[in-house]
Every structure is written in structure tokens, then in C-alpha cells.
Amino acid sequence: MAAPLSHMAAPPSVLKEFCPLYYLLNAIPAKVQRGFRSVLVYLTSLDISSDFVAVGSSIGMLYLYCRRLAHMNKYSLEGKCDAITAVKLLSCFDDLVAMGTASGRVAVFQLVSPLPGRNKQLRRFDVLGLHKGMVTSLAWSTNGMKLFSGDDKGRVVFSALDLDQGVCKPLLLLEESSGVVQVQYSHQVLLVSTQQRTLLYCTQNQEVLQLGTRPRKSSGRFGACFLPALCKQSDLQVFAARPGLRLWRADVRGRVEDTHLLKPLFSTQVPQFQLFPRPGPVGGYRPEDRQLGLLSCFFRDGWILSWNEYSLYVLDCVSQVIVGALESSGDIVSVSCCDNEIFILKGDRDIIRLSTSPEGLSTNCEYCKLSWSRVRLTCSYWFCFLLQFAESWMGYSGPGCGILSLQVTDRFVWCLDFKGGLFCSPLPETGLNWQRFEDNVHQMALSPSGNLLWKVEQKSLTAFACAKVTVRGKRHWYKAVEQSAFVALSDDCAWIIRTNGDLYLQTGLSVDRPCARSVKVDTPCVFSQVCVGGGGVVWALSEHKALFYREGVSSYCSQGDGWKYDTVSEAQGLELMCVALGYGGTAWALDASGSLWFRTGICGSRPQGDDDHWWQISISDYVVFDQGSLFQTLLQATQSVATVTRAPVERVVAFLSQYSQCQPSLVSANGSGVWVASGRNQLHLARGSLVGTFWQNVVPRGTVSATRWTFITSSSVPHREGTFLWLAQSRKDLFCVWDQDGELRPTSVTLPPEVELSHLSACRDALWGLDAHGRVWIRTLSPSCPTGLTWTPLDLSQLGVRLVSVSCGSQNVWAVDSRGVVYFRVGTQPLNPSMMLPAWIHIEPPAQPIGVQLVGIQTSPNDRLLWALDNRGSVFVRIGLSEEMPVGTDWELVPGLAVAQLLLSSRTVWVRCVNGDVARRYGVSEKNPAGDYWKRIPGHAHYLTGTTGLNWFILVRLVYTGPTGLN
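No experiment lies behind these values; they were computed from the predicted model shown.

1. Observations regarding the overall build of the protein chain
- Along the backbone of the protein chain there are four helices and 78 strands.
- The buried share among the 967 residues of the protein chain stands at 56%.
- When the accessible surface of the protein chain is split by element, carbon and sulfur atoms take 51% of a total near 41000 Å².

See below:
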């Protein structure tokens, strides 16, 4: 019986590509040397698990990447090196990987494991002579004792493995008249899809059952999969792809129970997965008639992944929608999924990862605390705070004409637009479905449970209360307070700011009693906003943006004892526009520039929280406020309101100014994340772990915070804990500060006579200085004299060039001359002139257009990373660095930012952009020197330096104060 799926508008996809997999592709060579020939390496097959990524190649080499250790291993087949056309991973008691080749060979590797009782020696099992064509599909039993393989000639081979005895016994199981496209195994039943039919093979009694009564009328690569379930064999169910965008659901006897007709879902615009842009043409051919292909169950109940060489679809057969699609993007070679991830091998060597969250970000906590403050040219330490709330931002469209107020509960999100429309949407997984709730609303408030709702009418400014809130159906409004400007609700109290600035409180509220008698509460000044959190926490913003918190509030005393001024916000100079008290004792705030901040440890006994500063979250990559100003955003939205209501802009602005107590509430939080509205008509939800930042001001003794430093660098202290900071106020002076000195007393370092330093680079045992003429001066550092005694000029007669950049590692030194040529030197110390001088090795720079050349170079403290910078702000990474090859093998462009300065630690890369922004490169390692993606860090800098220390990273910055006085 046919069951057509209902026609619905396509929701935005929850799956996307968060960043390219450079770390994986860089670990696989693009070509290899075979004798005197250079052979290109094409990627031909793919499989993934939570622990590994396995990639087959055209040269018969399997590349196995361990995701836990970030390490790549290679496994080759002896003899003829034909392409690996299928690969399948299995993690049971041991880790196993099977591969099939174009000539019909099958091999199984039993991997080595460091765990006790696991395999300690790599073993290989071969299946030879039974396949007559290219292996197309592989399937494991869950215990790793059975392996099934199918080929394009129609043969299915069963291989019985005894890992204890080291024995593999293969036999021919089936021989079909058309090629096998997909095999799956579950509960002693083998599911086989060929070009012409899908069949079930019971391994207990060797019974063969066909899905449906007749073979397909048209042949094709249509697959099938078992529905995942803990069940007995008789309860197994199968999804099978059919021509014409049809999907069969059948039982284990092959009887078709349902036919899902998918074609109506494609009659509207199909949501495409968001991918990172790629260089060169990316489009590909797609047939006029869409078709399903191979099948796999994916991520959620009822979700099906289908793919062929032209397209990939994720279908929700429960909600009857298309979750997302990849169409017309080039040849799709292989696809694999695991948990919430889909890996796609496309073309010759492009691998795409689609997921609901960034890869590994949720477990990536390698720092301590992160912070920042507004300072003039001063050095500051950088810390990080990981708030468990990997970071995932999702965007949604608002319901109406801009967003003035936003509130969320665990079930609903509420928005008030500038026209006075109040809208509500439930919180599904795929998108928001807005419904108009009320009109002519000036301000709204919702209790944390969602049971109480208050509104302030636009014209009368009267507050009304509603209980037993339902999105649909009748509702009754009770008149609560007249002349109201702002309302905030807890589950049993209402705080009301009247239009004359007085503050009132109603207590004892419930579903049966949504409003009560008002009691006046004294305030130190006129409040414009109040917010209420769990545990009796009440905060308020004054009309001059000062923040207050209420002390003594409890379940026994809803009114509390009094207001206390929050000095933390004043100390950081924040001009807060709206605040919200969220789950887990976290307070959120947006300032006038559109920056997002939070504080932790908020509770009834300590309403100000545990932090002595606000943490800032970088949201500029996700949330865009017009001209960087929240006030400008509101003006833009006001322009839109004036257009819609056909009222003069001045009249709308005057109306908003008249009731200035009604502040925008553009941030709210629930148990799953924090929501931010950009003021116009966009909502943004941040899920996962959010990293907050804070810059701590550091002023060396004898200086003031306004001291202007021209440049700064740092180095480890010889044979002692801590870090030396080398600072200069001009090119003619130099100071040294030890960060373990509690008073941060600077020590003056004498420069060579008539020398003006333009650049410094330091390591544990030497300080290298570069002057304006390209000459190098070296100051030796030792345990007996940690800051050195004298400067020694370096003999550069071998080079005969003018250097413009030098960088010291622990053993090696890199340099760039005025022509952009790169040089490498072993050793950081000057040698006795009577001895042989260390040789400078000439390294070819990356190929550049005429007029473009390298101007800077930076190595990591452990010599394992090397990055370079050209005069256009482009950055390059040197790949192939190792102990055996300290000069590396090639340069690779790292796109994404225009960079003015590079900074490398032993495990990450920081940059100062040409506009002063600071960014970090995530995913950098010795195996993946280019990293995966950039992420900006709040704050602007004039110069950066840093060093590794223990288990955290110190970042020192110089901040430039512009003409506006704002950082």
C-alpha cells in the first residue's frame, strides 16, 4: 500500500561543513615515487568510525588516521598495487580494517593496540581467487568473525576469521547475474543489493528471499539497509531504494510493508548543505531525474542517508522532510557515516565532513582562563574560560519587523518586534515555526517555567497578566498594573518599572494567581531594566547603564534587603545594553558595541557571582550588528518600522525615546544554549562549549598604564621557571621583566653603541636582535647570567644580503632577506671566528606573483612548526618538518585572513590581522601543521608575543588606542 509523504516547506539543514579537513588531506601524499616515475595518488574509497578514518588510494595503499592520537598510519598490499575500491572498519575486541581492490583481492588487517590483553602484533589475512571482478562492498559481523564481500560480477564471498588461531577461511556464498552494489549483515541475515534486485540471505539455513515479488524493471545502483534495533531476527526491518524516488520498508521475509513516495518532497526548494568555498570549479553534472542510491541509517530514528555519484540526501522519514542535500557538486566516490558525522570522498582527493557540530571541539580544553580589558599600549596576560554550555552557532530568521525583545524557555522561544507583534515558536531540531500570539505589545515578560506571561500594551502602557499560557486557543488577560514601562518575572514574583521610574514588586504569583497587589521597592536611581534568575537572584540596569544586584532575596524574603552597585562592570568600562540571568548560575550581557559577555557562579547567596570580571565571547563571526553598534541596529530597525507603519522616522524615534525605560532585551538563555538577536530580524543560538576571554592588565614597576611600548617578545628563562618579557619603548632601549617577579621590576639591557633594533627574537639560550640595516646581534643567555652580558655581531658575509626577519627555535634559526628569500641555520649561538661558521642553507620561498614576496617568518619554540608572511598579508606553512628533515619539503598557503604578524607556540598559531584583530588557528599539530580553521579572539592588538609554559599559554599584547578612545 502506497503511503505518500506530506508536502512541507524544507527547513534549514542542521548539518553543515564546519571546516575543511586539511589535517587529513595533508597527511596523504599527492604523489609518490615509483622507481624513476612520479605517480599521482588518487583517493578511491572511504570509511569512518569514532576512532579512525580509513582512506583507500589508487596505488594500493590504505591510509588509516587515528582520531584520538591525531596520527596517520599506512598499510600496503604486497604484489600488484591496484586501487582499493572498498574499505570497512570494525571496533570490537580488536580493531579491524578490511579492504577490497579493483582486481578482486580482499585483505584484513588486525591492528596493534596498546591496551592490555589486546593484539600486540600487526596481522594480515588475505582472500584470493574467489572474486572475479572489482570489490564493491564489505560488511562485518559485530564480533569480527565474519566478513562479507561483494563484487561487480555478482559474487558474494563469506570469510570466516578465527583471530585467536590466525586463520581465515573464505568461501563463495552467492553468485548473482548482476553486480553487487551494497551488502549489510545483522542477526545472521545478509542483505545484498545488486544492479537488478535486493535479496535476504539467511546464513543459518542458506535460504534466499527476494524483496518484492519481481526484480526491478530498470537496473541501477539502488541500495538497502537494516533499521537499527535491538530485536530478534524475525523483527528485522529493511529500507530499500527503488527507482523514481521511492523507498520500500520490508520485513525479514522480503514482504514489502510500505512504499514511501519521496518525489513530492522535491517539488519545493531542496535545502543544500552549507560547504566551505573551494578553489576552482566545483559544479558537477546531475541527471534531470533525481534518484536514490546506496542507503544507510543515520543519526536519528527515521533518518536515512542516500547517495550516488551525483547527489547525497538525508531524509527524515518520521517528520517527512528532507534534512539536507548535496547536488551538482562533482563526482561523489565514497560516503560513510558514524554518529552525527558524514564523510564524503569527492573527486580525486577532496574529503568533506558534514555534522551537527565541529569535529572534536567539545573535548578541546587545553587552556586555563581567558580574559581582556581596555588598556592603552600596555602588556596583558591572556587567559581562557571554557563554559560548558566544541562551540556551535545556528542562525534563524525572526518572525516580523525587527526584534526588540527575546525570551526563551526549554520549550519555546518568544520574540517581540518593533511593530508590537508578539510571536512564539516551539523549539524543534530543524527550525522555528513562528505563530503570531498578540498585537500592540510594548514589552513582554515570561517566567522561567513559561507558565506566566505578562504584556505591556503599546497605547495604554497597562500591564496585563496571563496564566496557563498556550500558543493556541483562548487565553484570559488580567489587568495588573497601569503606567508600566518594564516587567520581569520569576515563577512567583513580578518586578515592575513604572513610567515615572518607580519600582514595584508583586509576590505570591502562580498559575491560579498571575497577578497580585503591588508593593513599592526603593531604588538608588531610576532603573530601565530588571532581570530575575533562579535562586532569588535579581539584577537591574539603571538609565545610565549602571548595573545593580539585589542582596538578601530568598524564598522567605522575595523583596530582599537592598541594592548593591556592581563595581565589576565599572572597572571594565562596560556600557551594558541588556542583561539576562540564565541557567547554571550564568549571567549574560550585550554591550553597546554588540559584544557578548558572561559571568559565572551567580546564586542567591552570592548574587554578584564568583568572577571579578566579565568574560567576553567572540560572536562577530556569527552575529552582525549594523556598523558594530547596537544603537545603530535599533535605529535601522526603527527605519523599518517607520516604513511599515507609514509614520515619520522622527515620530517613531520620539516614541521610543519617550519611554526610554523599555530597553531592548536581545539576549536570553535556556538549558541548551544562549540566544542572541541582532536587533533586525535574525536570531542566533550558541550551543556546546563557549570560550570566554579576558585580558588582564600588567604594568611593570616604575611605569604607568599609559606607557607606550613599541615592540615586545618573550622567552623561557634558562634553567628556571617562568618567562622573560623583553620590552622596548623605542628602538634605542630594551628592558627585561621576569613574570615570576611579583613586582614585575624591569631590568635595563644595554644595546650595542649606535644600534637601533627593529626586531627581536628570543629562545631559551639566546636573544637575537635585527637592526635597521639588516645586521644581526646575538646576546647569549645562561643560568649564571639569565639576561646576558654582551652583544656579538653575527658574520653574514656568507649571505651578502640584508635580512628583514629572523626567528629562533630551540636549535635552529630561520631568516628572510629583503628579496623574500628564506634561509635556515643550525644553532642559535655565535661561534668563535677561528672556527668554521655554521652554514646558512638557502630555501626556496613559495611561488609568488611578480611584486609579491615574503617579509616575515616565525618558527615554534620546539622547531616543529614554521609559518611565513608575505607583503600582501597572506600566510604560508612549511610542511614536512621533522628531525630527519628540519628544513621541510614544501610550502602551503593558509587562506582566510589578511595577517600583519605571526606568533607560534609549540602547539598552536596566533596572528594579528592587518585591522588589529587577534585570531587563533585551531587544529595545528606536527601531523597537521596547517591546522583546520581560524577563530577570532576579542580585542585589538598592536603587537603580540607568547611562549609555552606548563599546561597553559601566555599571550602578551600591546593595544593601540585609536582617536575614538575605544579599543
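On we go from here.
2. Concerning the environment of glycine 420
- Relative to the assigned elements, glycine 420 resides in the loop between strand E34 (412-416) and strand E35 (422-426).
- Among the residues examined, glycine 420 registers a relative accessible area of 0% and is labelled buried.
- Taking the C-alpha atoms as reference points, glycine 420 and asparagine 440, separated by 20 residues in sequence, lie 4.6 Å from one another.
- In this structure glycine 420 touches Glu438, Asp439, Asn440, Val441 and Gln458, once residues within four positions along its chain are discounted.

3. Focus on empty space enclosed by the protein
- The volume enclosed by the second largest cavity comes to roughly 50 Å³.
- The wall of the second largest cavity is formed by Ser618, Val691, Thr693, Tyr922, Lys935, Arg936, Ile937 and Pro938.
- Elements represented by at least two residues in the lining of the second largest cavity include exactly strand E56 (689-698) and strand E76 (933-940).
- In terms of residue count, E76 provides more of the lining of the second largest cavity than any other element does, four residues in total.

4. Points about the side chain of serine 425
- By the element assignment, serine 425 lies in strand E35.
- Within the local environment of serine 425, its side chain forms a polar contact with the backbone nitrogen of asparagine 433, the two atoms lying 2.8 Å apart.
- Among all residues touching serine 425, those that are not within four sequence positions of it are Arg411, Phe412, Val413, Leu432, Asn433 and Trp434.

5. Overview of the sheet that holds strand E67 (residues 822-826)
- Spatially, E65-E66-E67-E68 is the arrangement adopted by the four strands of the open sheet, whose pairing is antiparallel. Strands at the two margins of the open sheet, each flanked by one partner only, are strand E65 (803-808) and strand E68 (840-843). For this sheet, the mean angle separating the axes of adjacent strands, direction not counted, is 25°.
- As defined by bridge partners, E67 adjoins E68 across four bridges and the pair is classed as antiparallel. Pairing of phenylalanine 824 across the sheet is with isoleucine 841, part of E68.

6. A closer look at the pattern of salt bridges
- Counted under the stated rule, the structure contains 27 salt bridges.
- Residues aspartate 126 and arginine 105 are paired through a salt bridge, measuring 3.6 Å at the closest nitrogen-oxygen approach. Pair noted here: aspartate 126 is in strand E11 (residues 123-127) and arginine 105 is in the loop between strand E9 (95-101) and strand E10 (106-110), with a separation of 21 residues, a long-range link.
- Residue aspartate 126 is classed as partly exposed on the basis of its relative accessible area of 26%.
- For arginine 105, a relative accessible area of 15% gives the class buried.
- Between aspartate 350 and lysine 346 there is a salt bridge; the shortest N-O distance is 3.9 Å.
- Note on aspartate 350: relative accessible area 16%, which makes it buried.
- Judged by relative accessible area, which is 10%, lysine 346 ranks as buried.
- Three or more residues joined by partner-sharing salt bridges are found here, namely Arg67, Glu341 and Arg353.

7. Focus: the packing of aromatic side chains
- The final tally for this structure, using the stated rule, is 21 aromatic pairs.
- A ring pair is formed by phenylalanine 298 and tryptophan 303, whose centres lie 6.4 Å apart and whose planes are at 35°; its orientation type is tilted.
- Centroid distance tryptophan 495 to tryptophan 563: 6.1 Å. Interplanar angle 70°. Geometry classified as edge-to-face. Within this pair, whereas tryptophan 495 is found in strand E42 (residues 494-498), its partner tryptophan 563 is found in strand E48 (residues 562-565), the two being separated by 68 residues in sequence.
- We classify tryptophan 495 as buried; its relative accessible area is 1%.
- Among the aromatic side chains, those forming a connected cluster through ring pairs are Trp495, Phe527, Phe548, Trp563 and Tyr565.
- In this structure, arginine 242 packs its charged tip against the face of tryptophan 248, placed 3.7 Å from the ring centre.

8. Topic: the pairing of strand E54 (residues 673-677)
- For E54, a buried count of five out of five residues is recorded, marking the element as mostly surrounded by other parts of the structure.
- Adjacent in sequence and paired antiparallel, strand E53 (residues 667-670) and E54 are bridged by two residues.
- Summarising the sheet, E54 and strand E55 (residues 682-687) pair through four bridges and their orientation is antiparallel. Bridged to valine 674 within E55 is alanine 686.

9. A few points about unusual backbone geometry
- Although it is not a glycine, glutamine 188 adopts a positive phi angle of roughly 60°.
- On the secondary structure map, glutamine 188 appears in the loop between strand E16 (180-186) and strand E17 (189-194).
- Accessibility expressed as a relative area gives 33% for glutamine 188, which makes it partly exposed.
- Backbone geometry places aspartate 339, a non-glycine residue, at a positive phi of 55°.
- Secondary-structure assignment places aspartate 339 in the loop between strand E28 (332-338) and strand E29 (341-346).

10. Regarding the sheet that holds strand E61 (residues 757-762)
- Within the open sheet, the four strands sit side by side as E61-E62-E63-E64. Their pairing is antiparallel. Looking along the sheet, the strands with just one partner apiece sit at the ends: E61 and strand E64 (791-793). Each adjacent strand pair in this sheet contributes to an overall mean axis angle of 25°, direction not counted.
- Where strand E62 (residues 766-771) meets strand E63 (residues 776-780), five bridges bridge the pair, whose relative direction is antiparallel. By the bridge assignment for E63, leucine 767 is matched with arginine 779.

11. Structural notes on the nonpolar core
- Membership of the largest hydrophobic core comes to 51 residues, with the highest contact counts inside it found for Leu312, Val314 and Ile342.
- A total of four residues in this core trace back to one element, the largest contributor, which is E54.
- With residues near it in sequence (within four places) discarded, isoleucine 342 still touches Leu15, Phe298, Leu305, Leu312, Val314, Val335, Ser336, Cys337, Ile352, Arg353 and Leu354.
- Grouped together as the second largest cluster of nonpolar side chains are 25 residues, Val717, Leu727, Leu760 and Trp777 included.

12. Here we look at the environment of leucine 404
- In this fold, leucine 404 is placed in the loop between strand E32 (392-397) and strand E33 (405-408).
- Overall, leucine 404 belongs to the buried group, its relative accessible area being 11%.
- Through-space distance from the C-alpha of leucine 404 to that of glutamine 443 is 8.6 Å; in sequence the pair is 39 residues apart.

13. Some remarks on the confidence of the model for the protein chain
- The share of residues in the protein chain with pLDDT of 70 or more is 85%, and the mean pLDDT across the chain is 83.
- Low confidence marks residues 626-661, where pLDDT is under 50. Its contacts with residues over four positions away, or in another chain, come to 58 contacts.
- Contacts from residues 949-967, a stretch scored under 50 in pLDDT, to residues over four places away or in other chains number 73 contacts.

14. Topic: the environment of glycine 722
- Considering the arrangement of structural elements, one finds glycine 722 in the loop between strand E57 (711-716) and strand E58 (723-728).
- Taking relative accessible area as the criterion, glycine 722 reaches 26% and is therefore assigned partly exposed.
- A sequence separation of 17 residues divides glycine 722 from aspartate 739, and the C-alpha atoms of the two residues are 6.1 Å apart.

How each quantity is defined
- Residues numbered from 1 in each chain as written.
- Predicted model: local features only at pLDDT ≥ 70, side-chain atom pairs only at ≥ 80, totals over all residues.
- Heavy atoms only, no water.
- Helix = DSSP H or I, 4+ residues; strand = E, 2+ residues; numbered from the N terminus.
- Buried < 20%, exposed > 50% of the residue type's maximum accessible area, 1.4 Å probe, protein only.
- Areas by Shrake-Rupley, 256 points an atom, 1.4 Å probe, with all protein chains shown as cover.
- Contact = heavy atoms within 4.5 Å.
- 1 Å grid on protein atoms, 1.4 Å probe; cavity = no way out; pocket = protein on both sides within 12 Å on 5 of 7 lines; lining within 4 Å.
- Points joined across faces, edges and corners; volume = space filled by probe spheres on them.
- Polar contact = N/O pair within 3.5 Å; in protein donor to acceptor, adjacent residues only side chain to side chain.
- Pairing = 2+ DSSP bridges.
- Axes fitted to C-alpha atoms, helices over the stretch in contact; angles between N-to-C directions.
- Salt bridge = Lys/Arg side-chain N within 4 Å of Asp/Glu carboxyl O.
- Phe/Tyr/Trp six-rings, centres within 6.5 Å; stacked < 30°, edge-to-face > 60°.
- Lys NZ or Arg CZ within 6 Å of the ring centre and 35° of its normal.
- Core = buried A, V, L, I, M, F, W, Y, C linked by side-chain atoms within 4.5 Å.
- pLDDT = per-residue confidence, 0-100.

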